[in-house]
Amino acid sequence: MAAIYQAVHRRASSLFCRFHSTYVKKMRYLNELKEDDDFCRQAQTSGTFYLFHNLSPFLQKVGKKYLLPQLSAAEMKRILEKMKETEQWIEKSVLIGCSDEHVPHFALDLAGALEKSVIESELQGSFTDLRKALFVVDVKDSPLLASAQALLRWHESHQYCSKTGQPTQKNLAGSKRVCHASGITYYPQMSPVVITLVSDGSRCLLTRQSSFPQGMYTALSGFCDLGESVEEALRREVAEEVGLEVESFQYSASQHWPFPSSCLMIACHALVGGQQTEISMNSLELEEARWFGLEEVLEGLKRDYTSSKQDDGSFLPWFPPKQAIAHKLINEWVKQQTSRPT
Ligand SMILES: NC(=O)c1ccc[n+]([C@@H]2O[C@H](COP(=O)([O-])OP(=O)(O)OC[C@H]3O[C@@H](n4cnc5c(N)ncnc54)[C@H](O)[C@@H]3O)[C@@H](O)[C@H]2O)c1
Ligand SMILES: [Mg+2]
């Protein structure tokens, strides 16, 4: 009965969809895949697959470029058969998007099924740590890579119900997990983080944690506490980490960030009053916090880790690459400074 209802519903939706844009149709299609296991199972037979092993994505190096190969369902089947694994493995994949033509994309972690080196030599590429992969693939592929890994990571760490201790079961698309003993449904989660580029009008405040690569400075950031609004978290983090009081702030943009595990980065510009710009750094959290003038920021934007290294082994300041939302904040600040009437 449910299957008939779903088929009728799908037919009605597809008629309705004739009047919708490509984007709306795509979102409706993805939503159906999440809601209907049979539909998703069928989609897995015609979809494409991004491979992971122990949460490291599979990349192929072609010349100087790192590509993110998508395997067809037929190719996946061939590899699993060759390695004497069953096709059931395909059901462990999670839905991560689809093309405008509704070819669904899935991510699959093959750890536990296949030996890493065997797949690497079969497919001529390598499973690469996400901290490297994210920065070497084409910029347009980084968000997909980050969210695919985050979803696979969430499933890996939510195998059991935290109330009953019983195994949880994922739906086919991987948009949720259910504990059949308690009836609890678990959904993938992100932790909200506010990232703030503080300015005093003519300088911006950039900071380092001791765990950062040498020479790298970025905007202030902090996890939102439970029950806090974005505004409250922003003001608290700036006060906690550098001892300054925010006068006003403006939202810029947001980004999903996979480190340490699924953050929703909410990026803002903040202004502190001209009278109170003396930094009182919290050395438990930060190694350094200081004001940067426009010239120094412009110079820093030209460097990366390698080019910032000096002959004596020290590092000149450099900033996060364009995949990180901090880069956008710094660029926006530069634009605002350079477009101001002098
Ligand atoms: N994409 C970017 O441009 C960018 C830039 C800066 C920071 N970040 C990310 O923002 C995250 C948070 O920044 P931060 O380290 O300054 O935060 P923070 O200042 O809140 O300090 C981190 C500490 O907060 C605690 N904490 C509270 N809630 C937590 C949670 N949900 N998960 C983990 N730890 C929690 C832990 O003790 C942790 O050590 C970092 O993990 C970093 O990867 C991204
Ligand atoms: Mg912080």
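Quick look at the structure, then. (Residues numbered from 1 in each chain as written. Chains lettered and ligands numbered in written order. Predicted model: local features only at pLDDT ≥ 70, side-chain atom pairs only at ≥ 80, totals over all residues. Heavy atoms only, no water.)

Here we take up the overall build of the chain. Looking only at helices and strands, the chain features 10 helices and 16 strands. Taking all 342 residues of the chain together, the buried fraction comes to 45%. Excluding contacts between residues fewer than 6 apart, the proportion of contacts in the chain whose partners are at least 24 apart in sequence is 62%. Accessible surface, the chain: about 18600 Å² in total, of which carbon and sulfur atoms supply 51%. A gap of 7 Å separates the mean positions of the 37 positive and 41 negative side-chain charges of the chain. (Helix = DSSP H or I, 4+ residues; strand = E, 2+ residues; numbered from the N terminus. Buried < 20%, exposed > 50% of the residue type's maximum accessible area, 1.4 Å probe, protein only. Contact = heavy atoms within 4.5 Å. Areas by Shrake-Rupley, 256 points an atom, 1.4 Å probe, with all protein chains shown as cover. Lys, Arg positive; Asp, Glu negative; His and termini not counted. Charge placed at Lys NZ, Arg CZ, Asp CG, Glu CD.)

In the vicinity of ligand 1 lie 18 residues, with Ser-221, Phe-223, Glu-241, Pro-260 and Ala-326 positioned nearest. The separation between an oxygen atom of ligand 1 and a polar side-chain atom of Gln-209 is 3.2 Å. For ligand 1, an oxygen atom lies 2.9 Å from a polar atom in the backbone of Phe-223. In isolation ligand 1 exposes 850 Å². Once the protein is present, 63% of that is buried. Secondary-structure elements contributing two or more residues to the shell around ligand 1 are strand S11 (191-199), strand S13 (220-223), helix H8 (230-242), strand S14 (246-257) and helix H10 (325-338). Here the residues of the shell around ligand 1 sort into 10 nonpolar, five polar and three charged. (Near = heavy atom within 4 Å. Polar contact = N/O pair within 3.5 Å; in protein donor to acceptor, adjacent residues only side chain to side chain. Nonpolar A, V, L, I, M, F, W, Y, C, P; charged D, E, K, R; others polar.)

The next thing to look at is the nonpolar core. Leu-145, Ile-195, Leu-197, Leu-206 and Val-297 are the most contacted members of the largest nonpolar core, which has 41 residues in total. For Leu-145, the residues in contact, after removing those within four places along its chain, are Phe-52, Pro-57, Leu-68, Leu-130, Ala-133, Leu-134 and Val-137. Of all hydrophobic cores here, the second largest spans 29 residues; its members include Phe-39, Ala-43, Leu-80 and Trp-89. (Core = buried A, V, L, I, M, F, W, Y, C linked by side-chain atoms within 4.5 Å.)

The reference angle at a metal is 109.5 degrees if four donors form a tetrahedron and 90 or 180 degrees if six donors form an octahedron. Within the protein, the magnesium ion (ligand 2) binds to Ser-221 (O) and Glu-241 (OE); these donor distances fall in the range 2.2 Å. Highlighted residues: Ser-221 in strand S13 and Glu-241 in helix H8, separated in sequence by 20 residues. Of the residues examined, Glu-241 reaches a relative accessible area of 4% and is grouped as buried. (Donors = N, O, S within 2.8 Å, 3.2 Å for Na, K, Ca; no water.)

Attention now goes to the sheet that holds strand S10 (residues 185-186). Strand order in this open sheet of three strands is S8-S9-S10, and the pairing throughout is antiparallel. In the strand order of this sheet, the two ends are held by strand S8 (169-170) and S10, each with one partner. With two bridges joining them, strand S9 (residues 177-178) and S10 adopt antiparallel strand pairing. Its bridge partner being in S10, Val-178 is matched across the sheet by Thr-185. (Pairing = 2+ DSSP bridges.)

A word on the side chain of Ser-56. Positionally, Ser-56 belongs in strand S2 (residues 56-62). Residues contacting Ser-56, with those up to four places away along its chain left out, are Leu-51, Phe-127, Thr-128 and Asp-129.

Further remarks concern helix H7 (residues 142-156). Spanning 15 residues, H7 covers 21 Å between terminal C-alpha atoms, matching the ideal 21 Å at 1.5 Å per step. Counting buried residues in H7 gives 11 out of 15 residues, a clear majority hidden from the surface. Considered for burial, the residues of H7 that qualify are Ser-142, Leu-144, Leu-145, Ala-146, Ala-148, Gln-149, Ala-150, Leu-151, Leu-152, Trp-154 and His-155. (Expected span 1.5 Å × (residues − 1).)

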